[in-house]
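Read off the chains here:
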Amino acid sequence: MAKMYLVMLGPPGAGKGTQAKEIARQLKLAHISTGDLFRENLKNETELGKLAQSYMNAGELVPDDVTVRMVEDRISRPDCERGAVLDGFPRTPNQAKALDDLLGKLGSSVKLVPYIKVPDEVLVERLSGRWMSPSGRVYHAKYNPPKVKWIDDLDGSQLYQREDDKPETVRHRIEVYNEQTSPLIAYYQEKNLLVEIDGTQGIEKVTDAIMKAVGEV
Ligand code: AP5
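Nothing here was measured: the structure is a model prediction, and the numbers come from that model. Counting restarts for each chain, with residues numbered from 1 along the sequence as it is written. In view of the model being predicted, local features appear only for residues whose pLDDT reaches at least 70, and side-chain atom pairs are presented and counted only at 80 or more, with totals across whole chains, interfaces and linings using the full set of residues. As a rule here, side-chain values come from all non-hydrogen atoms in the structure, and water together with hydrogens is ignored.

A word on the pairing of strand E1 (residues 4–8). Within E1, four of the five residues are buried, which leaves the element mostly enclosed by the surrounding structure. Strands were regarded as paired on the criterion that DSSP finds at least two bridges between them. Helix and strand assignments come from DSSP, with helices taken as H or I runs of at least 4 residues and strands as E runs of at least 2, each series counted from the N terminus. Relative to strand E3 (residues 83–87), E1 runs parallel, the two sharing five bridges. Across the sheet, the residue bridging to Val7 is Leu86, located in E3. Direction of pairing for E1 relative to strand E4 (residues 110–117): parallel, over a ladder of two bridges. Of the residues in E4, the one forming a bridge with Tyr5 is Val110. Partly exposed residues are those whose accessible area sits between 20% and 50% of the maximum for their type, while under 20% is buried and over 50% is exposed, using a 1.4 Å probe and protein chains only.

If you want it as structure tokens, here you go:
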């Protein structure tokens, strides 16, 4: 069976992680989040984690060469046998070209790019209300609250807020997205791979819209 690679595109807080997890589950694909991979390295105090930390806390992008090497390693693991949903990667035109080369070597290519569109003013509210589980599950104080306040529904662990979700850092992340990542909209449009998804709908409606688009490829 041909492998399937999807790229979730959208600004910080658009819902890429929330959707990527569910889409990967439904399609039985691996979920690759570069943000989660960097956070895991940070937690384990690896060299890569130490390098990434200052960029992440400032809301800047980690350099392309480091990020691409990390993805190259991740994408060759056995759980990517059927393909993967990429979340937070690529994030610059250089990373997008590197991904094309990488998948080309595997005899494959990006199949679809769901672009989750959400206006800037909604993003700040989404990120300031976000609560994370150490396992990577994502909650929102208002839109997706845990059953018990700040406790993970499935494993009972304590939820936490991300260091880079402070309003001033969020605003900078949105600027970085507009400058460095938004050119990918045109990049994938030209390849006829982009499908616009209204990210202001409820979480399940967004999932349905993405699954419908995948079904039409
Ligand atoms: P990363 O972790 O990728 O952060 P991001 O792209 O800024 O995206 P977020 O995780 O903040 O948001 P999301 O779109 O996944 O939204 P979520 O589903 O959580 O990157 C962090 C940092 O790592 C970067 O700043 C950079 O330093 C570094 N990095 C990562 N990748 C890199 C790369 N490729 N190159 C270089 N550096 C890189 O949802 C947000 C909230 O909204 C949640 O609370 C959720 O419950 C809620 N929500 C979701 N959908 C809905 C909905 N439809 N309605 C209402 N609420 C919703």
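What follows picks up the thread again.
Another aspect to go through is helix H3 (residues 47–57). Among the residues making up H3, those that are buried are Gly49, Ala52 and Met56. Seen from one end, H3 has its buried residues packed into an arc of 70 degrees, which puts them on one side. Two residues or fewer after H3 comes Gly59, characterised by a positive phi angle close to 75 degrees. As used here, the arc belongs to the directions running from the helix axis to the C-beta atoms.

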